[in-house]
Amino acid sequence: HDASRPFFVVSDGVSVRALGTRFDVRRDGEAVRVTLVQGRVQVRGADSGLAELAPGEAVVADRRGALHPLRRLLA
């Protein structure tokens, strides 16, 4: 992990930023699902919604990029 070089995963307009972590990003039909295993990640939907996940949490982004948390969502 190097804070000066952040790691991003982008899928269908959904951006996931690693914050020293282990996570899973899956494209499931027209949705993108992000599940956090360890550490922290920020997930930004194409609609500018922002979620920050804790271990064991997940969020799904629909085809419009709207985030649907399976736990919590930050404004």
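Bear in mind the structure is a predicted one, so any value in this text is a computation, not a measurement.

1. Here's the deal with the environment of Val 32
1) Next: Following the sequence through the fold, Val 32 ends up in strand 4 (residues 31-38).
2) Next: Exposure remark for Val 32: the relative accessible area of 2% places this residue in the buried category.
3) Next: Put simply, Val 32 and Leu 67 are 35 residues apart on the chain and 9.2 Å apart in space, counted from C-alpha to C-alpha.
4) Next: With sequence-adjacent residues up to four places away left out, Val 32 is seen in contact with Ser 11, Asp 12, Val 14, Val 25, Arg 26, Arg 27, Val 59, Val 60 and Ala 61.

2. A short note on the side chain of Asp 62
1) Next: Tracing the chain through its elements places Asp 62 in the loop between strand 7 (58-61) and strand 8 (67-69).
2) Next: A distance of 2.9 Å separates a polar side-chain atom of Asp 62 from the backbone nitrogen of Arg 64.
3) Next: At a separation of 2.9 Å, a polar atom in the side chain of Asp 62 contacts the side chain of His 68.
4) Next: Ignoring any residue separated from it by four or fewer positions in sequence, one finds Asp 62 in contact with Glu 30 and His 68.

3. Details of the sheet that holds strand 5 (residues 41-44)
1) Next: Strand order across the open sheet formed by four strands is 1-2-5-6, with antiparallel pairing between neighbours. Lying at the two open borders of the sheet, with one neighbouring strand each, are strand 1 (8-11) and strand 6 (50-53). Taken pair by pair, the neighbouring strands of this sheet meet at an average axis angle of 15°, ignoring direction.

4. Considerations on the pairing of strand 1
On any regular strand, side chains alternate: one points to one face of the sheet, the next to the other face.
1) Next: Both strand 1 and strand 2 (residues 14-18) contribute to a ladder of four bridges, which runs antiparallel. Counted as the bridge partner of Val 10 is Ser 15 from strand 2.
2) Next: Counting the residues that bridge the hairpin from strand 1 to strand 2 gives two residues, and of these Asp 12 lies at a positive phi of roughly 55°.

How each quantity is defined
- Residues numbered from 1 in each chain as written.
- Predicted model: local features only at pLDDT ≥ 70, side-chain atom pairs only at ≥ 80, totals over all residues.
- Heavy atoms only, no water.
- Helix = DSSP H or I, 4+ residues; strand = E, 2+ residues; numbered from the N terminus.
- Buried < 20%, exposed > 50% of the residue type's maximum accessible area, 1.4 Å probe, protein only.
- Contact = heavy atoms within 4.5 Å.
- Polar contact = N/O pair within 3.5 Å; in protein donor to acceptor, adjacent residues only side chain to side chain.
- Pairing = 2+ DSSP bridges.
- Axes fitted to C-alpha atoms, helices over the stretch in contact; angles between N-to-C directions.

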